[in-house]
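Results of the structural survey
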Amino acid sequence: MVIRMKANVTYWLDESAERLPDKTAFAEEGKSVTFRELQSQAKAVATQIIGKGLFKKPVVVYMEKGVDVLVSFMGAAYSGNFYSPVDVDMPAARVNKILEVLEPALVITTAALKETFESYDYSGGFLLFEEACHGEIREEQIEAARNKGIDTDLLYVLFTSGSTGVPKGVTITHRSVIDYIDWVTETFGITAQDSFGNQAPFYFDNSILDIYSTIKTGATTFIIPKNLFAQPVLLLEYLKEKEINTIFWVPSALIVVAKLKAFRNVDVSETLKRVLFCGEVMPNKQLNVWRKFLPDVLYANLYGPTEITDACTYYIVDREFADDEPLPIGVPMANTDILVLNEKNEPVTGDEIGELCVRGTSLSMGYYHNPEKTREAFVQNPLNPFVPEIIYRTGDLVKYNEYGEIIYLSRKDFQIKHMGHRIELGEIETAVSSLEEVSLCCCLYDEKRQRIVLFLEGELEKAFINERISGLVPEYMLPGKVICLEKMPINANGKIDRVKLKERL
Ligand code: AMP
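Residues numbered from 1 in each chain as written. Predicted model: local features only at pLDDT ≥ 70, side-chain atom pairs only at ≥ 80, totals over all residues. Heavy atoms only, no water.

Topic: the site of the ligand
In the neighbourhood of the ligand, 17 residues make up the surrounding shell, with Gly279, Asn301, Leu302, Thr306 and Asp396 lying closest. Within the side chain of Asp396, an N or O atom sits 2.5 Å from an oxygen atom of the ligand. Protein chains bury 89% of the 500 Å² of accessible surface belonging to the ligand in isolation. For the shell around the ligand, the elements supplying multiple residues, two or more each, are β13 (298-303) and β21 (406-411). Of the residues forming the shell around the ligand, the biggest block, three residues, is contributed by β13. Across the shell around the ligand, the residue classes tally to eight nonpolar, four polar and five charged. (Near = heavy atom within 4 Å. Polar contact = N/O pair within 3.5 Å; in protein donor to acceptor, adjacent residues only side chain to side chain. Areas by Shrake-Rupley, 256 points an atom, 1.4 Å probe, with all protein chains shown as cover. Helix = DSSP H or I, 4+ residues; strand = E, 2+ residues; numbered from the N terminus. Nonpolar A, V, L, I, M, F, W, Y, C, P; charged D, E, K, R; others polar.)

Quick word on empty space enclosed by the protein
Under the definition given, this model contains one cavity of 30 Å³ or more. Lining the largest cavity are Asp179, Tyr180, Trp183, Ala311, Met333, Ala334, Thr336 and Ser362. The leading source of residues in the lining of the largest cavity is helix α8 (residues 174-187), at three residues. (1 Å grid on protein atoms, 1.4 Å probe; cavity = no way out; pocket = protein on both sides within 12 Å on 5 of 7 lines; lining within 4 Å. Points joined across faces, edges and corners; volume = space filled by probe spheres on them.)

Side note on the sheet that holds strand β24 (residues 441-446)
If you walk across this open sheet you meet the three strands as β24-β25-β26, and the pairing is mixed. Of all strands in the sheet, those with a lone pairing partner are β24 and β26 (481-485), marking the two edges. When the angles between neighbouring strand axes are averaged without regard to direction, this sheet yields 20 degrees. (Pairing = 2+ DSSP bridges. Axes fitted to C-alpha atoms, helices over the stretch in contact; angles between N-to-C directions.)

A short note on unusual backbone geometry
In this model, Glu103 sits at a positive phi of 45 degrees, which is unusual for a non-glycine residue. Relative to the helices and strands, Glu103 resides in the loop between α4 (92-102) and β5 (106-109). Among the residues examined, Glu103 registers a relative accessible area of 51% and is labelled exposed. In this structure, Gln450 is a non-glycine residue whose phi angle is positive, near 55 degrees. Here Gln450 shows up in the loop between β24 and β25 (451-457). (Buried < 20%, exposed > 50% of the residue type's maximum accessible area, 1.4 Å probe, protein only.)

Quick word on the pairing of strand β7 (residues 154-160)
Put simply, side chains in a regular strand alternate between the two faces of the sheet. In terms of residue burial, β7 counts as a mostly covered element, since seven of its seven residues are buried. Across six bridges, the pairing between β7 and strand β8 (residues 168-173) is antiparallel. Of the residues in β8, the one forming a bridge with Leu158 is Val170.

Brief notes about a negative patch on the surface
Where like charges cluster on the molecular surface, the negative patch consists of Asp323, Asp324, Glu325, Glu402 and Glu436. Structurally, Asp324 can be placed in the loop between β14 (313-316) and β15 (331-332). Residue Asp324 is classed as partly exposed on the basis of its relative accessible area of 32%. (Patch = residues over 30% accessible without salt bridge, like charges linked within 9 Å, V, L, I, M, F, W, Y side chains within 5 Å. Salt bridge = Lys/Arg side-chain N within 4 Å of Asp/Glu carboxyl O. Lys, Arg positive; Asp, Glu negative; His and termini not counted. Charge placed at Lys NZ, Arg CZ, Asp CG, Glu CD.)

Some words on the layout of surface pockets
In this approach, a probe sized like a water molecule rolls over the atoms, and the result shows the empty space that is left. In this structure, the second largest pocket spans a volume of roughly 960 Å³. Around the second largest pocket, the lining is made up of 38 residues, and of these Gln199, Pro201, Lys226, Phe229 and Ala492 lie nearest the centre. The greatest single-element share of the lining of the second largest pocket, amounting to five residues, is contributed by helix α11 (residues 251-259). A breakdown of the residues in the lining of the second largest pocket according to their chemical character gives 23 nonpolar, five polar and ten charged.

Topic: the packing of helix α1 (residues 10-19) against helix α7 (residues 139-148)
Where α1 meets α7, the closest approach of the two axes is 12 Å, and the angle between their N-to-C directions is 135 degrees. What the angle tells us is that α1 and α7 run oblique. On the side of α1, the interface is formed by Thr10, Tyr11 and Asp14, while α7 contributes Glu143, Arg146 and Asn147. By residue class, the composition of the contact of α1 with α7 is one nonpolar, two polar and three charged. (Parallel < 35°, antiparallel > 145°, perpendicular 65-115°, else oblique. Contact = heavy atoms within 4.5 Å.)

Thoughts on the packing of aromatic side chains
The description of an aromatic ring pair uses the distance of the two centres, along with the angle that the planes make with each other. According to the stated counting rule, one finds 19 aromatic pairs in the structure shown. Their ring planes at 85 degrees and their centres at 5.5 Å tell us that Tyr122 and Phe126 sit as a pair that is edge-to-face. Since its relative accessible area comes to 12%, Tyr122 is described here as buried. Taking the relative accessible area as the measure of exposure, Phe126 reaches 18% and is therefore buried. Judged by centre distance (5.5 Å) and plane angle (70 degrees), the ring pair of Tyr367 and Phe378 falls under edge-to-face. Here Phe378 lies in strand β19 (residues 378-380) and Tyr367 lies in strand β18 (residues 366-367), a separation of eleven residues in the sequence. For the pair Tyr367 and Phe378, a shared accessibility class is recorded, and that class is buried. (Phe/Tyr/Trp six-rings, centres within 6.5 Å; stacked < 30°, edge-to-face > 60°.)

So, in structure tokens, the structure goes:
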């Protein structure tokens, strides 16, 4: 008898499909799939991919966000290949850069989108989703492909923006996702009774939590229509109507709801149980609005870059915070070690600031087809000269507070030297965010003019802001210029778009 490890996420789908065949797995407006449908359609897609002789190859999924994308992801996984989603709204130049790095073996798309993709620098094959998903299933071929794979084989590649302008493809294995999702579902007690309200695009790593917690436990994920995130009342009505009890959003999405105090119009206290967030700083001022209206909800701040499979630290909110206090990013997740290293590559002591580095199964295998960038960020653990051991340097600056919790300060690149002072721009943002009149803000440094520039949504005078925050930050940290915007630019992932803001300096 051959004993096999179930070292592949598709086993979760097999189990959920067996246990809960007719339960809805994923739903979008006007369309949904049950676990059995998800499984059989994905296996049909996998059969087609295997038929093309592909194994351990990159498969691009180029479709509008929806349940079909998830079927395609699972199809690639069943076939022993790995997927990489490409956003249909992505500018052609960036798609071409991604294609240059990834050299996909196949593109799964629809008949309607195929022509657009043909205009890119790609001459390989296509699989039309609508034809593939109802085709023949060759179980024995799928089983053979799955048995050939191991848990350190790639499951997906997500592209993040590189500082050089060349997108970096973060590679993530089955093993990393299994490690992360086991932690998520256990820590938050996710079961088949739960339902997620998905905000994150599928090319953004936050979506991993929704997708794989659902597949593993037999929960249900509702893909929330994007336009609702600009209409908080309708958004809350949607959550209530679908009886969504768990959300995992970027803070910017939670802030919009808090700002308009939509809770006054819609009461979700009977249904909403967990509010998780990750991806950028969650200001306590807005979190306090959520907490005031929904005091019984579990709130958790998750932190992490794509390179460590979505998140590596967490803080379950368990005490009161003043509006101007930072919310901790907390402590490492299970089976994850966090090293905070100073400039001498030694562990920090006391409240010394250092770079957050990560060790563990959750680490990416590196950037696809990019050994140089991989070598820069994935390095030998300087604390372990004895055996090869890779850590990931996040480029994020943090320190410990008096409770031993990690406090996020800023990206290393957002650390500036201004008039001889070392300043974390994030610290100024925390101070400004705490003002009642401010909903969204962002600080950048104008190197040319040597001044701190504050962008904010709304109409406020520089003198007013500086007077109000002068008790919170030293004088040398006060913004030299304030730019008021009607609307803060938001990037495709839903975070504040710093690149766009930089253009306005
Ligand atoms: P991404 O790879 O797009 O998920 O971006 C990861 C980066 O977002 C991290 O390196 C941090 O700079 C930032 N980030 C993620 N989660 C948090 C959080 N909870 N608080 C503050 N910043 C965060």
